[in-house]
Amino acid sequence: MDDQSDNLFLIGFMGVGKSTVAQALCRDRGAVLVEMDQVIADQQDMEIPDIFGEYGENYFRKLETDLLLELKKKTGQVVSCGGGVVLREKNIEIMKSCGQVVLLTAGARTVYDRVKSNKNRPLLNNEMSVDHIKDLMRERRDLYWDAADIAVSTEGKSVHEIVSEISRKLENH
Ligand code: S3P
């Protein structure tokens, strides 16, 4: 990475492309990839919808904060965050204290097309529709934009273009 003391945290709504872009950024920068949902699922030995179903959303949110506190101890990571990581102010504080926050965006229709056949997202499983996605996006919009150091739209761009845009914007930030 340009600055080894920095971690990069990719935030944004479900389905904007955080995981794919994080993988490409890692290859580009020789960084360590952290997929938060995957780490939490591995630690709990449970799938994300089962954690929500059995222990509730608040419990999952606490696991996210606990994991961020662990990540804060390390450098050179590209972290693909769960879409709801911005819901806790403490999470934003932790990310900002040990790295830069990159917001990825996409329109509700694009997100819907990307996530509609996936059953791994408890907040969408009961109501998979463009309108519901729009509502959730609206609720979170300010949180995402306030937390972000830079923002990049993933609409209609290749992963390579997105990675280049992120690198360029980080350099100028
Ligand atoms: C969530 C997003 C999911 C996952 C959980 C909750 C959210 O991650 O953490 O289902 O609240 O937006 P992705 O953004 O990787 O789908």
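Structure: see above.
Here is what the cut-offs are and how they apply
- Residues numbered from 1 in each chain as written.
- Predicted model: local features only at pLDDT ≥ 70, side-chain atom pairs only at ≥ 80, totals over all residues.
- Heavy atoms only, no water.
- Pairing = 2+ DSSP bridges.
- Helix = DSSP H or I, 4+ residues; strand = E, 2+ residues; numbered from the N terminus.
- Axes fitted to C-alpha atoms, helices over the stretch in contact; angles between N-to-C directions.
- Contact = heavy atoms within 4.5 Å.
- Buried < 20%, exposed > 50% of the residue type's maximum accessible area, 1.4 Å probe, protein only.
- Core = buried A, V, L, I, M, F, W, Y, C linked by side-chain atoms within 4.5 Å.
- Parallel < 35°, antiparallel > 145°, perpendicular 65-115°, else oblique.
- Nonpolar A, V, L, I, M, F, W, Y, C, P; charged D, E, K, R; others polar.
- Near = heavy atom within 4 Å.
- Polar contact = N/O pair within 3.5 Å; in protein donor to acceptor, adjacent residues only side chain to side chain.
- Areas by Shrake-Rupley, 256 points an atom, 1.4 Å probe, with all protein chains shown as cover.

To summarise the sheet geometry, strands pair through backbone hydrogen bonds and adopt either a parallel or an antiparallel arrangement. On the basis of which strands lie adjacent, the open sheet formed by five strands has the order S2-S3-S1-S4-S5 and parallel pairing. The open sheet has two edge strands, strand S2 (32-35) and strand S5 (150-153), and neither has a second partner. Pairwise comparison of adjacent strand axes, ignoring direction, gives a mean angle of 20° for this sheet. Where strand S1 (residues 7-11) lies against strand S3 (residues 77-80), three bridges are found, and the strand directions are parallel. Directly across from Leu8, in S3, lies its bridge partner Val78. Against the sheet, helix H9 (residues 159-172) engages S1, strand S4 (99-105) and S5, with an angle of about 160° to S5.

So, about the environment of Leu123. Looking at the element boundaries, Leu123 is found in helix H7 (residues 122-125). In contact with Leu123, other than residues within four places in its own chain, are Met14, Phe52, Glu57, Arg61, His132, Leu136 and Arg140.

Here we come to unusual backbone geometry. If you check the backbone angles, Asp45 has positive phi at about 55° while not being a glycine. Within the fold, Asp45 resides in the loop between helix H2 (36-44) and helix H3 (48-55). Look at Asp45 and you get exposed, because its relative accessible area is 71%.

Judged by nonpolar contacts, the single largest core of 59 residues is most densely connected at Ile11, Phe13, Met95, Leu104, Ile133 and Ile166. If one sorts the elements of this core by residue count, helix H8 (residues 130-147) sits on top with six residues. In contact with Ile133, other than residues within four places in its own chain, are Phe13, Ala108, Val111, Tyr112, Val115 and Leu124.

Moving on: the packing of H2 against helix H4 (residues 57-71). Contact geometry of H2 with H4 gives a least axis separation of 10 Å together with a crossing angle of 105°. Taken together, H2 and H4 sit at an angle that is classed as roughly perpendicular. Contact residues: Met36, Asp37, Val39, Ile40, Gln43 and Gln44 in H2; Tyr59, Phe60, Leu63, Glu64, Leu67 and Leu68 in H4. A class-by-class count of the residues in the contact of H2 with H4 yields eight nonpolar, two polar and two charged.

Right, let's talk about the site of the ligand for a bit. Lining the immediate environment of the ligand, one finds 14 residues, of which Lys18, Asp37, Arg61, Arg121 and Arg140 sit closest. Interatomic distance of 2.7 Å between a side-chain N/O atom of Arg61 and an oxygen atom of the ligand. In this structure, Arg140 approaches the ligand through a side-chain N or O atom, which is 2.7 Å from an oxygen atom. Protein chains shield 96% of the accessible area of the ligand, which is 380 Å² for the free molecule.

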